[in-house]
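# Examining the three-dimensional arrangement
Here are the chains, one letter per residue:
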Amino acid sequence: MDARLEAIRDTVLARNPGEAEFHQAVVEVFESLGPVHDRHPEFLEAAILERLCEPERQIIFRVPWTDDAGRVQINRGFRVEFNSALGPYKGGLRFHPSVYLGIVKFLGFEQIFKNALTGMPIGGGKGGSDFDPRGRSDAEVMRFCQSFMTELYRHIGEYTDVPAGDIGVGGREIGYLFGQYKRITNRYESGVLTGKGISWGGSLVRPEATGFGTVIFTHEMLKTRGTSFDGQRVVVSGSGNVAINAIAKAQSLGATVVACSDSSGYVVDEAGIDVALLREVKEVERGRLKDYAERRGGVSYVDGGSVWDVDATVALPCATQNELDGDAAARLVRGGLLAVGEGANMPSTRDAVAVFQDAGLLFGPGKAANAGGVATSALEMQQNASRDSWSFEHTEERLTEIMVGIHHRCASTADEYGQPGNYVLGANIGGFVKVADAMLAQGLI
Ligand code: GLU
């Protein structure tokens, strides 16, 4: 790493002790930014990096609620409003027991660059709670969401901060959150949240967008090597919203997705995952992959273990951070891997990324490859602002244009900085320069 950046990195790490995932995200970005500072010494003089690493505002709050047995439960809520140089803070809410400040800050930091790469007018933010929705009734989830919004409402707004979903937050949770916001503020402010239901201000394609976008980006990478998704053997990790839609899109382009996973195990389905059945089990019944395997028949279900033990030509990690380590990466490379597209945020460890890059593989980092979700959230905001709703075809066309544009921006930035094919460098520099220019223009704030 560039020596000038090393000193800033050390300060950032020391100022934010115990936030391992945030440190990881910061170091990964800093490793790309040396050459930018050679060309733009004004960024160093204006302390752009130091400012970028310090969120504009961090909110931590108590979320009290009662469970179905009448017992009082207490969770912790977060919203980190990281950077508003390009637009209102934008980013999802994650409800998962692993959530703490370090996770929210890593996600919020990534979101700044991701949102910049989309070319849409959105800043970066993220939030969530250590609440675990699994096994909770709809009524419990509703009471939790209402309590969460009873604090959050005062910090958000169409022009201020626009939350959406992430792990553990889907259409059901966004509905309860929106209802409570409307009730407290007495405003039908559609643009305050994205991922809404289609009949009350949501956008078509938003549910599919992250998974579809990841496949579109990966397809663009494959084209640079004269190939495509057609005939590829694909392994996807996860079986939530991002994974399911990545599987659907990859198969629609002629690939066979032979495996996917959940937190208990993975399924190997050589004929290609049955997307309709997977949606039924996971989205309608909120069931487990084991149920899919039993109902599908003729497939193998592996309890525990790693889905990365299955050979593939394309890997799409769509579960969670640090789910694919250096050993798994080396195994995948030995098994004939060509390309990796990250549907999740930071699913590959730093060791894994190094293995993929050393092997000369196509590697699309999450902040570029999974930007389709937030980009379509920005399209939802556009539709809300004009009180319009677009067709599926039109919205999907816009999503495709945006993903192809992100691929182009990453690839051309990597070329410009003398590292063709390095999408990590292209994404980090491409996103950073846009935000840094806007920060300079807006003065010391
Ligand atoms: N949570 C998603 C992400 O990681 C989407 C955020 C949004 O739509 O605002 O980008």
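Note that the structure is a prediction, hence the values are computed from the model and not measured.

## Some points on unusual backbone geometry
- Located in the positive-phi region is M346, a residue other than glycine, with phi close to 50°.
- Mapped onto the secondary structure, M346 falls in the loop between β11 (339-341) and α14 (350-358).
- On the accessibility criterion, M346 (8% relative accessible area) is buried.
- We note that R387 has phi near 45°; this positive angle belongs to a residue other than glycine.
- The residue R387 is located in the loop between α16 (372-385) and α17 (392-416) in this model.
- By relative accessible area, which is 80% here, R387 ends up exposed.

## With respect to the UniProt feature "binding site: NAD(+)" (unreviewed entry) in the chain
- The UniProt record marks T210 and N241 with the feature "binding site: NAD(+)" (unreviewed entry), using the residue numbering of this structure. Their sequence span is 32 residues, while the largest C-alpha to C-alpha distance among them is just 8.3 Å; these annotated residues converge on one region.
- The topology assignment puts T210 in helix α9 (residues 206-223).
- Residue class for T210 comes out buried when judged on its relative accessible area of 10%.
- A polar contact of 2.8 Å, which involves the side chain of N241, links it to the backbone oxygen of P207.

## Observations regarding the pairing of strand β4 (residues 124-129)
- Summarising burial for β4: six of the six residues are buried, a large majority.
- Judged by which residues are buried, β4 turns out to be covered on both faces: G124, K126 and G128 on one side and G125, G127 and S129 on the other are all buried.
- Judged from the six bridges that link them, strand β2 (residues 72-83) and β4 form a sheet pairing that is antiparallel. When the sheet's bridge partners are listed, V80 is paired in β4 with K126.

## Things to note about the UniProt feature "site: Important for catalysis" (unreviewed entry) in the chain
- Residues given the UniProt feature "site: Important for catalysis" (unreviewed entry) here are D166.
- Tracing the backbone through its elements, the reader meets D166 in the loop between β5 (161-164) and α8 (171-185).
- Filtering out sequence-adjacent residues up to four positions away, D166 remains in contact with G92, L93, R94, K126 and N345.

## Concerning the packing of aromatic side chains
- The tally for this structure, following the rule as stated, stands at 17 aromatic pairs.
- A ring pair is formed by F356 and F363, whose centres lie 5.8 Å apart and whose planes are at 25°; its orientation type is stacked.
- Judged by relative accessible area, F356 falls into the buried class, the value being 0%.
- Taken together, the ring pairs connect F61, W65, F95, F131, F144 and F148 into an aromatic cluster.
- Note that R39 overlies the ring of Y417, its terminal NZ or CZ placed 4.0 Å from the centroid.
- Here K249 stacks its cationic end above the ring of F212, 4.9 Å away from the centre of that ring.

## A word on empty space enclosed by the protein
- Under the criterion given, the structure shown has one cavity of 30 Å³ or more.
- Considering only enclosed or pocket space, the largest cavity measures out at about 30 Å³ in volume.
- If you go around the largest cavity, the residues you meet are N83, A85, L86, I112, I122, G123, G124 and V435.
- Considering only residue class, the lining of the largest cavity consists of five nonpolar, three polar and no charged.

## Observations regarding the state of the cysteines
- All told, the structure shown has zero disulfides when counted by the stated rule.
- The thiol of C410 is unpaired, and the distance to the nearest cysteine sulfur, on C318, comes to 17 Å.

## Here we look at the site of the ligand
- In the neighbourhood of the ligand, 14 residues make up the surrounding shell, with K90, K114, G165, D166 and S377 lying closest.
- Between an oxygen atom of the ligand and a side-chain N or O atom of K126, the distance comes to 3.0 Å.
- In the environment of the ligand, an oxygen atom lies 2.6 Å from a nitrogen or oxygen atom belonging to the side chain of S377.
- About the coverage of the ligand: the protein hides 95% of its 300 Å² of free accessible area.
- Broken down by secondary-structure element, the contributors of at least two residues to the shell around the ligand are β3 (89-95), α6 (101-118) and α16.

## Quick word on the layout of surface pockets
- Taken as a whole, the second largest pocket encloses approximately 350 Å³ of empty space.
- Within the residue set of the lining of the second largest pocket, elements represented by two or more residues are α2 (20-30), α14, α15 (366-369) and α18 (423-441).
- Sorting elements by how many residues they give to the lining of the second largest pocket places α14 first, with four residues.

Parameters and conventions
- Residues numbered from 1 in each chain as written.
- Predicted model: local features only at pLDDT ≥ 70, side-chain atom pairs only at ≥ 80, totals over all residues.
- Heavy atoms only, no water.
- Helix = DSSP H or I, 4+ residues; strand = E, 2+ residues; numbered from the N terminus.
- Buried < 20%, exposed > 50% of the residue type's maximum accessible area, 1.4 Å probe, protein only.
- UniProt positions renumbered as here; feature names shortened; annotations may be inferred.
- Polar contact = N/O pair within 3.5 Å; in protein donor to acceptor, adjacent residues only side chain to side chain.
- Pairing = 2+ DSSP bridges.
- Contact = heavy atoms within 4.5 Å.
- Phe/Tyr/Trp six-rings, centres within 6.5 Å; stacked < 30°, edge-to-face > 60°.
- Lys NZ or Arg CZ within 6 Å of the ring centre and 35° of its normal.
- 1 Å grid on protein atoms, 1.4 Å probe; cavity = no way out; pocket = protein on both sides within 12 Å on 5 of 7 lines; lining within 4 Å.
- Points joined across faces, edges and corners; volume = space filled by probe spheres on them.
- Nonpolar A, V, L, I, M, F, W, Y, C, P; charged D, E, K, R; others polar.
- Disulfide = S-S within 2.5 Å.
- Near = heavy atom within 4 Å.
- Areas by Shrake-Rupley, 256 points an atom, 1.4 Å probe, with all protein chains shown as cover.

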